[in-house]
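# Coordinate analysis (summary)
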Amino acid sequence: MEKLIVNAVSREKRFAIVRENTVEEIIFDRPEQRSLVGNIYYGTVTKVLPGMNAAFIDIGEEKNAYLHRDVLASYILSPERSIDKEKKSVTSFVHQGQRLIVQVDKDAAGTKGARVTGIIEIMGDNLTYMPQGRYVAVSKKIMDEKENLRKLGMKLKSEDEGVIFRTSSARASKEEMENELSSLRRQYTELLDKVSSLKKPGILFQKDTFTQMVFDSVNEMTSGEIIIDDLSLKKVIQSKNPNLTVTYYNGKENIFSHHRIDHEIDKALKREVWLDNGAYLIFDETEALTIIDVNTGKFSGKHDYQDTVVKTNTLAAVEIARQLKLRDIGGIVLIDFIDMKNEKDRRYIQDTIEKEFKKDKTRTKIIGFTALGVLQLTRKKTKVSLSEALQEKCPVCEGTGRILSAETIAFRLERELLEHRNSDYEAVLVETTQAVKDEIAPHLEMLEEWLKFKVYFSIQSIAAHYYMIKHFGNHDEIAQKAGEPY
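Reference entry: report on the structure contained in this document. (Residues numbered from 1 in each chain as written. Predicted model: local features only at pLDDT ≥ 70, side-chain atom pairs only at ≥ 80, totals over all residues. Heavy atoms only, no water.)

A few words on the environment of G330. Relative to the assigned elements, G330 resides in the loop between α8 (305-327) and β19 (331-336). Looking at G330, the relative accessible area reads 15%, which means it is buried. Linking G330 and G373, residues 43 residues apart in sequence, is a C-alpha distance of 21 Å. G330 has contacts with R379, K380 and K381, leaving out every residue within four places of it along the chain. (Helix = DSSP H or I, 4+ residues; strand = E, 2+ residues; numbered from the N terminus. Buried < 20%, exposed > 50% of the residue type's maximum accessible area, 1.4 Å probe, protein only. Contact = heavy atoms within 4.5 Å.)

Okay, here's the thing in structure tokens:
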């Protein structure tokens, strides 16, 4: 049983896909984090880098966008220029100051700006129209009508145009698709007309990402239930999909809390993921890659060790595929499965994870096991992961997940105090944590003897161990500030 649960009544919009009572995907749409993928811009080339075969484009956003030579529309618009294209530099196609129409195909991440393409795609309900596409493609999920749709596409499009038949086109009539293609052409003409009114880089077309993502998910459902807390969106979905059950939720409790989706979100943000047999996974996300460690944990198995290993790794492979989708983790992923001596067992685990990724809309490439038994894969990254969307860098550890120990801070304090030894002061007041004071306490008498003045502490209850030398002075003054009797 498949369910689509849509929370659209607040500024942060969300929806979740649930299959067999398991949450498989959660999509967020926040105003400040809204995906730019699909947006079309009129931009100016600010820099051309032959060494990278790329150009940087000012599109009117905070960071300049990145455009690689291989996705310049020049190749398609002028086929004669694509001869020996591998030998041609990006400078053969663009120059600084040039104006271009580009479309975002990957969001900005970290210090990098959005990635853009010069090949524009305008998406409809059944078709994706490319003004300079020059080819016809059919969704991989359409099995029976592939050849007929290709022939139809070649008939409908002009020589320069391109058409992609989306999954829903299998249920659409020829007339519906003809009308939709005409509508998409008009949209592109209006977009070109808008260019003349822009005096500086800016947006030409902004995709309603959330609604489109909901519609895309609905179009992929052949059965199941849609539960939604927005009445107007419910009516639109119902009118387009009369065969699906669409239920309006108007309870006081938030729809995600009511269906325990918020609980699943909290779990998906944790580093540790427990499996049903007592084994567990550890997820470590970095900017460069994600590392997943598989541990047997409490699971000991009922037979030999290798049987335990294969069973644990099989459970892990299934859960890892789900977690990568749920957390929307992209880029390089390394999975350290429990060591398997038998090559047949490795092949079985690789086949298992490949089978699970076939359910994922995001393209994933399984590279294989390294000599050390680590499985390598890449998952296409088009937007920020769940953790990037919902969390921020810790101000204490600066995102490392570790802070300086109380012992380290205590040694640093000792060294700074020793810089003031034999001074004219009678006492010093140090602000620090209880753990730092506890590290110094056994050695305080000896330290005060070296310093030739007394040390008082003001204790603060915070997570990060630290110290601050607040005041030097006489005994009475410092004892009073510390709240201790002299």
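Moving on, we come to the packing of helix α11 (residues 406-418) against helix α13 (residues 444-451). For the pair α11 and α13, interaxial distance at closest approach is 10 Å and the crossing angle is 25°. Judged by the angle between their axes, α11 and α13 are roughly parallel. In this structure, the crossing between α11 and α13 has a hand that is right-handed. When α11 is examined against α13, the residues E414, L417 and L418 are found in contact with a partner set consisting of L447, W450 and L451. (Axes fitted to C-alpha atoms, helices over the stretch in contact; angles between N-to-C directions. Parallel < 35°, antiparallel > 145°, perpendicular 65-115°, else oblique. Left-handed = near helix turned anticlockwise from the far one by under 90°.)

Glancing now at helix α2 (residues 146-156). Along α2, the residues that are buried comprise L149, L152, G153 and L156. Looking straight down α2, one finds its buried side chains confined to an arc of 100°; they lie on one side. Of the exposed residues in α2, those oriented more than 90 degrees away from the buried face are K151, M154 and K155. Looking at the buried positions of α2, the neighbouring elements they touch are β11 (136-138), β12 (162-165) and α3 (174-195). (Arc of directions from axis to C-beta.)

One pass over the full model with this rule turns up 25 salt bridges. Residue K325 is joined to E24 by a salt bridge in which the shortest nitrogen-to-oxygen separation is 3.7 Å. Note that K325 is positioned in helix α8 and E24 in strand β3 (residues 22-29), a separation of 301 residues in sequence. Considered together, K325 and E24 belong to a single accessibility category, that of buried residues. Two residues, D360 and R379, come together in a salt bridge whose shortest N-O distance is 2.8 Å. Placement of the pair is D360 in the loop between α9 (343-357) and β20 (364-369) and R379 in strand β21 (residues 374-379), with a sequence separation of 19 residues. (Salt bridge = Lys/Arg side-chain N within 4 Å of Asp/Glu carboxyl O.)

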